Amino acid sequence: MIRHADPSEAEALAALHRSSITAHCSAAYTDAQINAWTAMLRPEAYSALIRDAAVLVVTDDAENRLVGVGVCSPEIGLINATYVERSNTRRGVGRTLMNAMESLLLDAGRREARLDATLNALAFYRSLGYGGEVSAVSRLPSGIELPCVAMSKRL
């Protein structure tokens, strides 16, 4: 099931995000990058996101457990994040989140979606029709830089 996140889920969302990065990004990023990245993912950051952006979650129907999270800013056509729990990879959770976020962008009048893809997720975004790849860097508050790829898609 997909739905908007509830503020009471901030801690679970931060934990899901951290575990997804640890599980999926270690081949593309150094331990120092992963540690700096996950250190900034605190519940209060998710509380602010839930207030200021569109935060969607996918839950396991049987247990109502969070298995995926997506964050987007429809007013500027930006998909900020798509993260899936390790045991639910390649089961359609990421695709479900992306479809829902693209719909939110369309509802806001956007005709293009933009995102900065982590290096490990390039094939996933390409499979969804994203292109226009430009090397970019995301600078964390700690000063650590994460190489990424700016991509876009006509909606």
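The structure displayed is predicted, hence computed values, not measured ones.

Rules used throughout
Residues numbered from 1 in each chain as written. Predicted model: local features only at pLDDT ≥ 70, side-chain atom pairs only at ≥ 80, totals over all residues. Heavy atoms only, no water. 1 Å grid on protein atoms, 1.4 Å probe; cavity = no way out; pocket = protein on both sides within 12 Å on 5 of 7 lines; lining within 4 Å. Points joined across faces, edges and corners; volume = space filled by probe spheres on them. Helix = DSSP H or I, 4+ residues; strand = E, 2+ residues; numbered from the N terminus. Nonpolar A, V, L, I, M, F, W, Y, C, P; charged D, E, K, R; others polar. Phe/Tyr/Trp six-rings, centres within 6.5 Å; stacked < 30°, edge-to-face > 60°. Buried < 20%, exposed > 50% of the residue type's maximum accessible area, 1.4 Å probe, protein only. Contact = heavy atoms within 4.5 Å. Pairing = 2+ DSSP bridges. Right-handed = clockwise from strand over helix to strand, strands pointing away.

Draft legend 1. Inspection of the layout of surface pockets at higher detail. Counted as a void, the largest pocket has a volume near 1200 Å³. Lining the largest pocket are 44 residues; nearest its centre among them are Thr 82, Tyr 83, Thr 118, Ala 121 and Tyr 125. Listing elements by their share of the lining of the largest pocket, those giving two or more residues are α1 (10–24), α3 (43–52), β4 (78–84), α4 (93–107), β5 (112–118), α5 (122–127), β6 (131–139) and β7 (145–154). The element contributing the most residues to the lining of the largest pocket is β4, with seven residues. Residue composition of the lining of the largest pocket, grouped by class: 26 nonpolar, 13 polar and five charged.

Draft legend 2. Up close: the packing of aromatic side chains. Across all of its chains, the model carries three aromatic pairs by this definition. Relative to Tyr 130, the ring of Tyr 125 lies with its centre 6.0 Å away and its plane at 75 degrees, an arrangement referred to as edge-to-face. Of the two residues, Tyr 125 and Tyr 130, both sit in the buried class. A network of ring pairs unites the aromatic residues Phe 124, Tyr 125 and Tyr 130 as a single cluster.

Draft legend 3. Representation of the environment of Val 93 in the model. Tracing the chain through its elements places Val 93 in helix α4. Linking Val 93 and Val 58, residues 35 residues apart in sequence, is a C-alpha distance of 6.9 Å. If we ignore the near neighbours within four places in the chain, the residues touching Val 93 are Val 58, Val 67, Gly 68, Val 84 and Asn 88.

Draft legend 4. Looking closely at the pairing of β4. In terms of residue burial, β4 counts as a mostly covered element, since five of its seven residues are buried. As paired strands, strand β3 (residues 65–73) and β4 are joined by six bridges and run antiparallel to one another. Each bridged residue has a counterpart across the sheet, and for Val 69 the counterpart in β4 is Tyr 83. Note that β4 and β5 share two bridges and pair parallel. Bridged to Leu 78 within β5 is Arg 114. Each parallel crossover has a hand, and for β4 linked through α4 to β5 it is right-handed.

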